[in-house]
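# Reading the structure
The primary structure of each chain is shown beneath.
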Amino acid sequence: MCYKTGYHHKWGYHPKYHYGTHPRKYKRRKFRAGWGFPPVNVQELDESYELFLYAPGLGKEDFNIRLRDNILIIEVDKKDDGKGNGPIWLRKEFSPSGFKRRFELNESIDPEKITAKYEDGMLQVSLPKKPDFHTSRKDITVE
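Residues numbered from 1 in each chain as written. Predicted model: local features only at pLDDT ≥ 70, side-chain atom pairs only at ≥ 80, totals over all residues. Heavy atoms only, no water.

Moving on, we come to the confidence of the model for the chain. With 68% of its residues at a pLDDT of at least 70, the chain reaches an overall mean of 77. Counting interchain partners and residues more than four positions distant, the pLDDT-below-50 stretch residues 26-34 has four contacts. (pLDDT = per-residue confidence, 0-100. Contact = heavy atoms within 4.5 Å.)

What follows is the structure, encoded as structure tokens:
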């Protein structure tokens, strides 16, 4: 039952909710211009971890990748200068903006051998394991 109108609406429909004036309407998450955080996939291989970061529309010179206190930081600081130096857009629904992603690395990573390459909108960071590190795996059955 709606406390504002005093009667029950069928299937949760409220005539005023459709127009956005209902007092209990849900707060919607605002869409931020730019990417926010680009998606990341991490794959474990026998000799390394492979991190794939999807970031189209950038160049390899836009990335700033560093390792500080066993934390891998991937940062892009790309801002639109707004001076009109580039092309005139009739419609612009996306634009790559700055982001910063942090990944805590464990002691199995060899920090001296970390490499990165950017190709076709995908940043691939290879995190090789130390030679004396071995992972143990065990399959667990679900009953």
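On we go.
This part covers the sheet that holds strand 2 (residues 48-54). Strand order in the open sheet formed by four strands is 1-2-7-6, and the pairing between neighbours is antiparallel. Where the open sheet ends on each side, the last strands, each with one partner, are strand 1 (40-44) and strand 6 (115-119). For this sheet the average axis-to-axis angle between neighbouring strands, irrespective of direction, equals 15 degrees. Pairing geometry for strand 2 and strand 7 (residues 122-128), over seven bridges, is antiparallel. Counted as the bridge partner of E50 is S126 from strand 7. (Pairing = 2+ DSSP bridges. Helix = DSSP H or I, 4+ residues; strand = E, 2+ residues; numbered from the N terminus. Axes fitted to C-alpha atoms, helices over the stretch in contact; angles between N-to-C directions.)

Turning next to the side chain of S108. Note that S108 resides in the loop between strand 5 (99-104) and strand 6. In this structure S108 comes out as buried when scored by relative accessible area, which is 1%. At a separation of 2.5 Å, a polar atom in the side chain of S108 contacts the side chain of N106. Beyond its immediate sequence surroundings of up to four residues, S108 is in contact with Y49, P128, K129, K130 and F133. (Buried < 20%, exposed > 50% of the residue type's maximum accessible area, 1.4 Å probe, protein only. Polar contact = N/O pair within 3.5 Å; in protein donor to acceptor, adjacent residues only side chain to side chain.)

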